[in-house]
Every structure is written in C-alpha cells, then in structure tokens.
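Architecture at a glance
Single-letter residue listing:
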Amino acid sequence: MKTETTIQGLTASLAPARTAKKLIGFVPTMGNLHEGHLTLVRAAKKICDVVVVSIFVNPIQFGAGEDFDSYPRTLEQDSRLLADVGCDIIFAPSVEQMYGKHPRLTNIRVSQITNDLCGESRPGHFDGVAVVVTKLFNIVQPDYAFFGQKDYQQLAVIRQLVQDLNIPLEVIGVPIVRAADGLALSSRNGYLSEEERIAAPTIYQLLKQAEVALGEGQALSQVLANISIELTQVGFVVDYVEARQPNLQPIEQFDRDVVLFVAAKLGSTRLIDNLQINFKTSVHDKNR
Ligand code: AMP
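What counts as what
- Residues numbered from 1 in each chain as written.
- Predicted model: local features only at pLDDT ≥ 70, side-chain atom pairs only at ≥ 80, totals over all residues.
- Heavy atoms only, no water.
- Pairing = 2+ DSSP bridges.
- Helix = DSSP H or I, 4+ residues; strand = E, 2+ residues; numbered from the N terminus.
- Axes fitted to C-alpha atoms, helices over the stretch in contact; angles between N-to-C directions.
- Contact = heavy atoms within 4.5 Å.
- Near = heavy atom within 4 Å.
- Nonpolar A, V, L, I, M, F, W, Y, C, P; charged D, E, K, R; others polar.
- Buried < 20%, exposed > 50% of the residue type's maximum accessible area, 1.4 Å probe, protein only.
- Phe/Tyr/Trp six-rings, centres within 6.5 Å; stacked < 30°, edge-to-face > 60°.
- Lys NZ or Arg CZ within 6 Å of the ring centre and 35° of its normal.

1. Thoughts on the sheet that holds strand β5 (residues 144-148)
Sheet architecture is open: six strands sit in the order β1-β4-β3-β2-β5-β6, paired in parallel fashion. Edge positions in the sheet fall to β1 (2-4) and β6 (170-174), since each has one partner strand and no second. Along the sheet, successive strands turn relative to each other by an average axial angle of 25°, direction set aside. Alignment of strand β3 (residues 50-55) against strand β4 (residues 89-91), held across three bridges, turns out to be parallel. Note that in β4 the partner of Val-52 across the bridge is Ile-89. Here helix α6 (residues 125-140) sits on the sheet in contact with β2 (24-29), β3, β4 and β5, set at roughly 150° to β2. Along the sheet, helix α7 (residues 152-164) contacts β5 and β6; its crossing angle with β6, the most-contacted strand, is approximately 170°.

2. Observations concerning the site of the ligand
Lining the immediate environment of the ligand, one finds 17 residues, of which His-37, Gly-148, Asp-151, Val-177 and Leu-185 sit closest. For the shell around the ligand, the secondary structure elements donating two or more residues are β2, α2 (35-47) and β5. The leading source of residues in the shell around the ligand is α2, at three residues. Here the residues of the shell around the ligand sort into nine nonpolar, six polar and two charged.

3. Looking at the side chain of His-37
Inspection of the secondary structure puts His-37 in helix α2. Assessed through its relative accessible area of 13%, His-37 is described here as buried.

4. Examining the packing of aromatic side chains
For any two aromatic rings, the description comes down to two numbers: the centre-to-centre distance and the angle of the planes. In total, this model carries seven aromatic pairs according to the counting rule given. Between Phe-62 and Phe-68, the aromatic rings sit 5.4 Å apart at their centres with planes inclined by 65°, giving edge-to-face as the arrangement. A relative accessible area of 22% places Phe-68 in the partly exposed class. Here Phe-137 and Phe-147 contribute two aromatic rings whose centre-to-centre distance is 6.3 Å and whose plane-to-plane angle is 80°, an arrangement assigned as edge-to-face. With Phe-137 in helix α6 and Phe-147 in strand β5, the pair connects residues that are 10 residues apart, well separated along the chain. Each member of the pair, Phe-137 as well as Phe-147, is classed as buried. Feature note: the residues Phe-26, Phe-137 and Phe-147 constitute an aromatic cluster, connected by ring pairs. Against the face of Phe-68 rests Arg-73, its NZ or CZ located 4.8 Å from the ring centre.

Have a look at this one:
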C-alpha cells in the first residue's frame, strides 16, 4: 500500500493501473476510520482492481463554530486499518495541496435537495462537499466511487452532481454500519461522554419503533412527533426529525416507501441517522 500526499504523486502512482485499463475504485473519507469506512473499502475491493482511499478533512464543508479544528486526525492508525482491508493507495493531501495554489472562484451548488434537512442547519455544507468531491473525482478519475447511506442526503447530492455534470463514474451507495447497540458508526461518536454514549443508540431504537408504529397504521406526522418528544426526554436537542421519499421528495403519509431522518445533538455532538422503510413489507407484516 502506498500513501501519496500530492496530486502529482497520486497521478504517477495510478498511471500503470490506468494504462492497463484496470478498474479504479475510490472511497472519499475524512479519516479517523471505523468499520463503516472499512465496509466501503471492502465493497470497492469486490468490484475494482485498484482502490484509492482519500483522507482529507475538508475545511470548506465546515461552518463557523463547527468542529473543523478538533476533528480527529489519526493517519497512522487509519493507515494500519486500510492496509488490513487491502487498500492500494491512500491519498492524504494537505489543505494547501487541495486549495492552496490558486484562489478558487468556482462554486458548485446542487439546488433543491440541499435546501432542507442538513442543508438547512448547515448552510454551505453541501456546496463544500460538492466542490471537494468534484476535485477529488477529477484528481483520482475513478470508475466507481463509494459512499455510505449514513449520509443519505450527501449520497443523493453526489448522485445528482454526477448525473448533472456527466462525471464519468458510477456512484455506489453502501448500507449503514452500526454498533451492536444500533448506534450508527461515526467518527463523531468519539466526542461522546460515557453517559452520552449510553443514550446515543436511542435514535436508532426510536427509528425502529417508528417503523413498527407506521406498519400498525399510526399517522406519519404523529410518529415523527413522538420521535422528537422522546429524544428530547432523554436529553437530545433535536435539530430535525423528518420523513422523505427515497428521492428526498416530500411525503405526507405512509403510502409508499419512506426514509425517516434524524439529526440531534447530545451535548455538543451532532448525530445523524436515517432508516429506510419499505411500504409493501411493512404493510404485509402488519396484515400477517
Ligand atoms: P466521513 O469520513 O464521515 O466523511 O465518511 C466517509 C464516508 O464513509 C461517507 O461516504 C460516509 O457516508 C461513510 N460512512 C461513515 N459512517 C458510516 C457508517 N456507519 N456506515 C456506512 N458508511 C459510513
């Protein structure tokens, strides 16, 4: 496994694979890797000949007062984990390498689907994601790029970006990896105190309870309100609890597949999660 910190170095490292027309897979990350990230790498290894993992904490996707400075940077540990799962090349550029050379005058805004959910509470976040992902796609030029459904809205934004701008690669979405108690793995879980870590899986428990309630015919609005109330009771400050169709379009009632979204803070740690609920399966279960 090689580690490259410059665009030039990465391009040179990838040249033989490109000449040999090998399939290149790409997994963008911000590092501090966990089983969620490693699952993306394993998915990439399954269908690609060469797998590149980028580790870059992207300053322009963090808002003022967010955790850019304190975000965990653990390159040595990440390298060991990536070697174990067969990553071929780590791309770990500096901020200077990614943004330093020329002042950037180009912005990328995927409209509509970035207006609400995390887009509303983190203004500019998805613009920063769209810019860095486009830059990384142009640098790595992969055949496949892998993203987690943990960041469901981000995955939708990237699919839209790739489609709208004819970026020549295929985006693959990978299901959420959870801890044994249901908490979606996240680098930010490391910020949680012992007490907060015990409360954190409540998000997933409530999402699963909501699935049952919807199957039993409870109104979607009521189910969402209940999640919010119960999260508040165990000490979360709720940012949003929302439902959308899988394509992020609005949904009024549970008469088709739905995705439930939660963003909530425990202390200063913001956690997000989501659960996709299949209409036919739930209604079928209910009628058994
Ligand atoms: P991050 O390092 O947080 O930017 O995440 C890098 C990639 O890993 C993104 O595509 C995330 O959606 C994905 N990811 C993070 N956590 C998980 C998880 N628990 N399960 C699946 N994918 C994840």
